[in-house]
Amino acid sequence: MAKIKFILNNEMRTVDVEPNETLLDVLRDKMGVKSPKCGCDRGDCGACAVMIDGKSVRSCLVFAIEVNGQEVTTLEGISQPKLTKLQEAFIQFNSFQCGYCAPGVIISATELLNNNPHPDLEEIKEALSGNLCRCTGYQPIFEAIMDVSRKRKK
Amino acid sequence: MNKYKFVGKPIVRIDGREKVSGAAIYGDDIDFGPNLLYAEIVESTEAHAIIKSIDTSEAEKVEGVFKVFTGKDFPYKFGLYMKDRYIFAQDKVRFVGEQVAAVIGRTPQAAKKGAQLVKVEYKPLPVVTNQMDALKKDSVLLHPDLGEYPHVPWFFPKPKTNVAHWRKTRKGDLEKGFKEADLVFEDEYFVPRYAHCAIETHVAIGKYDLGGRLTVWSSSQSPHTQRHLFAEALAPMGLTHKDVRVIAPHVGGGFGGKAGVTMEIIPAALATKLKGYAVKLRWTRQQEFVNTYQRLGVVAKLKVGVKKDGTITALDHKIYWDAGAYVEYGANVVNAVGLSAIGPYRIPNVSIDSVCVYTNLPPGGAYRGFGYSEMLFGLESHMTQIAHKLGMDEVKFRLKNAIKEGDKTAYGADMNPNGLLECIEKVAKEIDWGKKIVSKDPKKAIGKGFSLFWKAPAMPPNASSSAFLKFNEDASINLIISGMDIGQGYQTVMAQIAAEVLSVPPSKIRVETPDTDRNPYEWQTVASHITWSSGNAVKKAAIDAKEQILALVERVFVIPKDQLYLEDEAVKCTTRKNFNLPLRDFVVNGIMTEDGTFKGGPINARGMFLPEFSSANSDPETSQGGHPNVHYTVGAGALILEVDKDTGKMHVIKAVEAIDAGQAINPDLIKGQITGGLLQGLATVLYEDMRYDEKGKLLNPNFTDYKIPTAMDVPDEIVPIIVEVPQPDGPFGARGIGEHTMLPAAPMIANAVEDAIGIRIKSMPFTAEKVAMAMLNLKNKKGK
Amino acid sequence: MAVVHNFEYYKPLKLAETLKLLKKYGDKAKLLAGGTDLAVFIKEGVLFPEAVIDIKHVKELQKLELKKDGLFVGAQASFSDILESANIKKDYLLLWESARSVASVGIRNRATLVGNICSAVPSLDSGPALLCYDAVVHLASTKGEREVPISEWFLAPRRTAMKPDEIVTGVFIPKPKIKNAGCYLKLGRYGGEDLAQAGLGVFVNDKLEYKLAYCAVGPVPKRAAKIEKLLKGKALSTVLIAKAMSLVPEEIAPIADIRSGKEYRIHMCKIMLERGLEVCTERMKGKIIDTLRILGG
């Protein structure tokens, strides 16, 4: 068991972990952060996406011990102090149905818009291709992202 | 144009903020504290075998292992329509992955380590993985005791065979029908098995507390049905329905996979032997593929007779279903299609045989479409083929034979009001039917495909819904119902229905996920019946509330009720313009009269709906006589497909789908069902399928090799069209559309592939490989 | 997922420290960079390392270095690092396209090119690009450093020329000296991320020297030497391309598996050769072509 310390959603936290515990399990079971979801446990579905130092990762493929000293952001962190324009657009365009993939999808879309404020449709598709959504058919997700992009100043 | 204030409007979802912020709680998100136990399942490695012995001694020695259970501890059967399944395998296993034992650990690691050490000795039996083989006389029998299994009265198992149910539908005179035909055309179609692939895997937590009550938290489409089946199966433990409670949090996708009961009964049963503890079971993705329901595989043999003018005279449809090792739910898929395999057509002479066959593959069960996708792949491929053979345009052929209101269904009941012709015409126009598109790229060919679809809710004749509605002090409302929002937008739609009756905006109505202790009965969230059935119950509850409100106002203000109405969260009066009594002034605390006393009190209302006209009683040899289906939802679809002639890769340029929703309660949510359902359907025809080896082992139990569509796989354009021919007994005329949106996908692709490259493919899926190799073979043949 | 196997975790800050750990543990240690393969293997009980050495903080193992004579892809360079470099896209388009074809953003943000070649699975996407660029693998151990040409790197599925006490510090990719064009074509089962059913790197320069390398159609990624020889010095024509395509079955040794049949792989390797050569010809003329959907779909 090792003690690790890292910034989680703008707060310095410490937690004891075994080397073989994944970041996903530690966030959910030891730190009470439940938005990252387990969908496949092998990096295929993207439901467990979180950001480490601003880059999206599959938290099921990261051992928690690796993030010692780094900064981890989950959807809970993005939603504070209020929902982002992207999240509001997700509501407006019905960009989710069951909602289970939404945390991962929003993490990926947030990263995309951070890096590329005005992505074209192909760039949006490519950026989201690692997030599986079984409900929406993805079109409403594209619409929400394009809407945010359109409303941003060029 | 719209006569309603909230119905028919694209209201934003009332569960939006919690779902986009990560606040929504799903089964695996609930905390149970440090005393929670974890279950790990020991699964059968054999597809068919006698269990000779189970040695749990090594597992019990593992530090942190709390207890180990086997089938001996739970000799109980369960099943929705037929009790053919045990909680744990007893003396026999019948599919790879079947639950044989459970190891309970203090930590998930201990449980898993223990499970790896349980030794099971098997005596293998012959394995049958294909329904056609299982039908042969010399096939091994999966259930020698089939004749003794309890089942619903509308199932017809054939003891001492592998036929679990045989639905026969007969109408008119088949032989005469074929004699009248100028052309009789026969063909065969093949559909493999598919997996639902909700992104959330199954999870359930059982707790049998020291006070003697069993609570199960479960990711479920069917909390009340689960409670019922748990109570039934565990009755020998002394449990009654009131002692069993199912709490269903948000569900991370259902698609039929979380209907009825599958793995949830395991933690429910385990809990009864772990008194005082909560025990959790969560499927891994691999287990999700193997040990839940799967969509059944199909071999369909079709024979259709037509006259030169295109009139269909006869249809003989034989459908053989690979239903897996247990058919307690899957047999009803077979039943539903056996009643409806004429498709949305007017055909005078009909014979349908829908045969449910046991095989040594995982249990088949409900999957979005409930067998209709599989049936329509063959039927709608066949209709296009036969139109071509007649030299007739396939859309004109369909228009000529399409079923209309009042036409007889195969089992003799009248077809409900519907907008099928309008759907066909609108789709044909939108897709520019009849106009051939030539690709600018010589490597590509472009084709168009068309298909009709229909589906009725498959449910027992007495499946019911109910609703409670209570007002709060500020005239906001808690609507207490037990359907599940599995993503389709159920909570929002129910809020819109109540809002319409009570003139309270949906944003002031809260709908929570259910708890069977507190929420009234709902059969299940399946069959695309929930908008219709639960919607009726909600509407009645809202009317009940309205009646209570108006009666109170009538009593206090002495205004005749028929002069009172609700508008903008207030009671108003047609004869007194200035009368305006805000609901918030009295719906909880009553109305103060001149002497300071109060009249009225909290408005609590209820509503219930059961389709009293429905009946499953019919002649077992013909299916004539009953009214098994409450109504059909119909529609049409078409698409433009681009095929790369060398690589076989296909791309949908445009897809159009028209569906008759009766009355769209929320058009945006219907469009969401179309974009989502269509993609799910396209995936089944373009790349998904479950691959088994000859020993019954699934070869692709993960998303690495079972490919579900990504953002890179969507059509360029989807045009949803909503047609509205009201359903007379639906809430505001509405009927369900959720499953239907994926139904036409496979035949549309099949028909478009043929239109593009002249090759008819009759076996799903149409992978790029299959198309490319077919092209190559054709080229080589022509070369010779 | 409950992970049953546990291990010692090390986070060395210096290369010397890393090499010492490798010497101590030998093949009982696994190096962790992106971890996108390693984590799956440990979780699913495929690998049981005693020690996991996280090399993300080793000072000497840099990320990317663009030099005059070539590109050094350090052991810490992720596929995203490669994709974010405009210079790589400009000068090493074949490498850039192969990086883009790897999985998806969330994986590429972690997964490294060096990790990819160490996994040495037959379908690895970076194989053809490195073979076409004649890359050189740089290794270090307590005994010193050595270099292995990429052509000698892949020995068999999941086996490389690396010894248990060695670490790959990076891969050097010489900069092509004259005007050139390249592309990477990947055959997957659909538009989304997939392991390659077949992959092909195509490279051509002004002297009409062609380099071609396949992956996923043999035990290791491999150059197509016979076809290269046939094409050398010749301008492409329909007849020549057809001849080249007919040589494809001699260059590859595909198997049938869950992802594809053997015949389809052979057929598609021909088609990919044809389209890859067409793309490179057009690119030599300065035309901008996106290869993302070049195989249709």
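From a predicted model like this one, the values you see are computed outputs, not experimental measurements.

1. A short note on the overall build of chain B
(1) Moving on: Helices and strands together make up the secondary structure of chain B, namely 17 helices and 30 strands.
(2) Moving on: C-alpha atoms of chain B, sized along the principal axes, occupy 100 × 70 × 55 Å.
(3) Moving on: Put simply, chain B has 784 residues, and 67% of those count as buried.
(4) Moving on: Counted over contacts in chain B with a minimum sequence separation of 6, partners at least 24 positions apart contribute 79%.
(5) Moving on: For chain B, the exposed surface amounts to about 26400 Å²; the carbon and sulfur share of it is 51%.
(6) Moving on: Positive and negative side-chain charges of chain B, numbering 96 and 92 respectively, have mean locations separated by a distance of 2 Å.

2. So, the interface of chain B and chain A
(1) Moving on: Listed per partner, the contact involves 50 residues of chain B and 41 residues of chain A.
(2) Moving on: Of the roughly 3800 Å² buried between chain B and chain A, counting both surfaces, carbon and sulfur atoms make up 57%.
(3) Moving on: Interface area lost by chain B to chain A is led by V20, I199 and A711 of chain B, which between them contribute 18%.
(4) Moving on: Salt-bridge contacts for D29 of chain B lead to K37 of chain A; the nearest nitrogen and oxygen are separated by 2.6 Å.
(5) Moving on: At the boundary of chain B with chain A, the tally comes to 25 residue pairs in polar contact (both at pLDDT 80 or more).

3. Some thoughts on the domain arrangement of chain A
Residues and elements named next belong to chain A.
(1) Moving on: When cut into domains, chain A gives domain 1 (2-74) and domain 2 (85-151).
(2) Moving on: Averaged C-alpha coordinates put domain 1 and domain 2 at centres separated by 22 Å.
(3) Moving on: Between domain 1 and domain 2, roughly 1000 Å² of surface is buried when both sides are summed, and carbon and sulfur atoms account for 58% of that area.
(4) Moving on: Of all residues in domain 1, K37, C45 and M51 bury the most surface against domain 2, accounting for 36% of the area lost on that side.
(5) Moving on: Put simply, domain 1 and domain 2 have zero salt bridges between them.

4. Observations concerning the sheet that holds strand 3 (residues 51-54) of chain C
Residues and elements named next belong to chain C.
(1) Moving on: One open sheet holds the three strands; their spatial order is 1-3-2, and the pairing between them is parallel. Two strands close off the open sheet at either side, each with one partner strand: strand 1 (8-10) and strand 2 (29-32). Within the sheet, the average angular offset between the axes of one strand and its neighbour, ignoring direction, is 20°.
(2) Moving on: Examined bridge by bridge, strand 1 and strand 3 share three bridges and lie parallel to one another.

5. A closer look at the interface of chain A and chain C
(1) Moving on: With 28 residues of chain A at the contact, the number on the chain C side is 34 residues.
(2) Moving on: Where chain A abuts chain C, roughly 2600 Å² becomes buried across the two surfaces, and 47% of that area is made up of carbon and sulfur atoms.
(3) Moving on: Three residues stand out in chain A for area buried against chain C, namely N20, L61 and E66 of chain A, and they jointly supply 24% of the buried area on that side.
(4) Moving on: Taken together, chain A and chain C are joined by seven salt bridges.
(5) Moving on: Note that R293 of chain C is salt-bridged to E122 of chain A, the shortest N-O span being 3.9 Å.

6. What to know about the nonpolar core
(1) Moving on: If you look at the biggest cluster of nonpolar residues, it comprises 282 residues, and the most contacted ones within it are L270, L469, F471, V571 and F766 of chain B.
(2) Moving on: Considering every element that reaches this core, the biggest residue donor is helix 14 (residues 530-557) of chain B, with eleven residues.
(3) Moving on: If near-sequence neighbours (up to four positions away) are discounted, L270 of chain B is found in contact with A39, F69, F74, F88, A102, I104 and V279 of chain B.
(4) Moving on: By size, the runner-up hydrophobic cluster in this structure holds 90 residues, among which are I4 and I65 of chain A together with L22 and A77 of chain C.

7. Remarks on the layout of surface pockets
(1) Moving on: By volume, the second largest pocket is sized at about 1200 Å³.
(2) Moving on: Where the lining of the second largest pocket is concerned, the elements lending two or more residues are strand 4 (55-58), helix 4 (102-115) and helix 5 (121-128) of chain A together with helix 3 (79-83), helix 4 (86-91), helix 5 (93-100), helix 6 (105-108) and strand 11 (180-187) of chain C.
(3) Moving on: Sorting elements by how many residues they give to the lining of the second largest pocket places helix 5 of chain C first, with five residues.
(4) Moving on: In the lining of the second largest pocket, the residues fall into 14 nonpolar, 14 polar and 16 charged.

8. A word on the domain arrangement of chain B
All names here are of chain B.
(1) Moving on: When cut into domains, chain B gives domain 1 (16-23 + 463-609), domain 2 (33-125 + 217-231 + 245-282) and domain 3 (297-459 + 617-783).
(2) Moving on: For domain 1 versus domain 2, the separation of C-alpha centres amounts to 41 Å.
(3) Moving on: Taken residue by residue, the interface counts 20 residues in domain 1 and 21 residues in domain 2.
(4) Moving on: Surface buried jointly by domain 1 and domain 2 totals about 1600 Å² across both partners, of which 50% is contributed by carbon and sulfur atoms.
(5) Moving on: Three residues, I486, T516 and Q524, lead the burial of domain 1 against domain 2; their summed loss comes to 35% of the area buried on that side.

9. Points about helix 10 (residues 238-251) of chain C
Residue and element names in this part refer to chain C.
(1) Moving on: The terminal C-alpha atoms of helix 10, which comprises 14 residues, lie 20 Å apart, in line with the 20 Å expected from a rise of 1.5 Å per residue.
(2) Moving on: Those residues of helix 10 that fall on the buried side of the exposure criterion are L240, I241, A244, M245, L247, V248 and E251. One side of helix 10 holds all its buried residues, which, seen down the axis, span an arc of 165°. Seen from the buried face of helix 10, the exposed residues on the opposite side, beyond 90 degrees, are T238 and V239.
(3) Moving on: Buried residues along helix 10 sit in contact with strand 13 (210-215), strand 14 (222-223), helix 9 (225-231) and helix 11 (262-284).

So, how was this worked out
Residues numbered from 1 in each chain as written. Chains lettered and ligands numbered in written order. Predicted model: local features only at pLDDT ≥ 70, side-chain atom pairs only at ≥ 80, totals over all residues. Heavy atoms only, no water. Helix = DSSP H or I, 4+ residues; strand = E, 2+ residues; numbered from the N terminus. Buried < 20%, exposed > 50% of the residue type's maximum accessible area, 1.4 Å probe, protein only. Contact = heavy atoms within 4.5 Å. Areas by Shrake-Rupley, 256 points an atom, 1.4 Å probe, with all protein chains shown as cover. Lys, Arg positive; Asp, Glu negative; His and termini not counted. Charge placed at Lys NZ, Arg CZ, Asp CG, Glu CD. Buried area = accessible area lost by both parts, 1.4 Å probe. Salt bridge = Lys/Arg side-chain N within 4 Å of Asp/Glu carboxyl O. Polar contact = N/O pair within 3.5 Å; in protein donor to acceptor, adjacent residues only side chain to side chain. Domains from an automatic or database assignment. Pairing = 2+ DSSP bridges. Axes fitted to C-alpha atoms, helices over the stretch in contact; angles between N-to-C directions. Core = buried A, V, L, I, M, F, W, Y, C linked by side-chain atoms within 4.5 Å. 1 Å grid on protein atoms, 1.4 Å probe; cavity = no way out; pocket = protein on both sides within 12 Å on 5 of 7 lines; lining within 4 Å. Points joined across faces, edges and corners; volume = space filled by probe spheres on them. Nonpolar A, V, L, I, M, F, W, Y, C, P; charged D, E, K, R; others polar. Expected span 1.5 Å × (residues − 1). Arc of directions from axis to C-beta.

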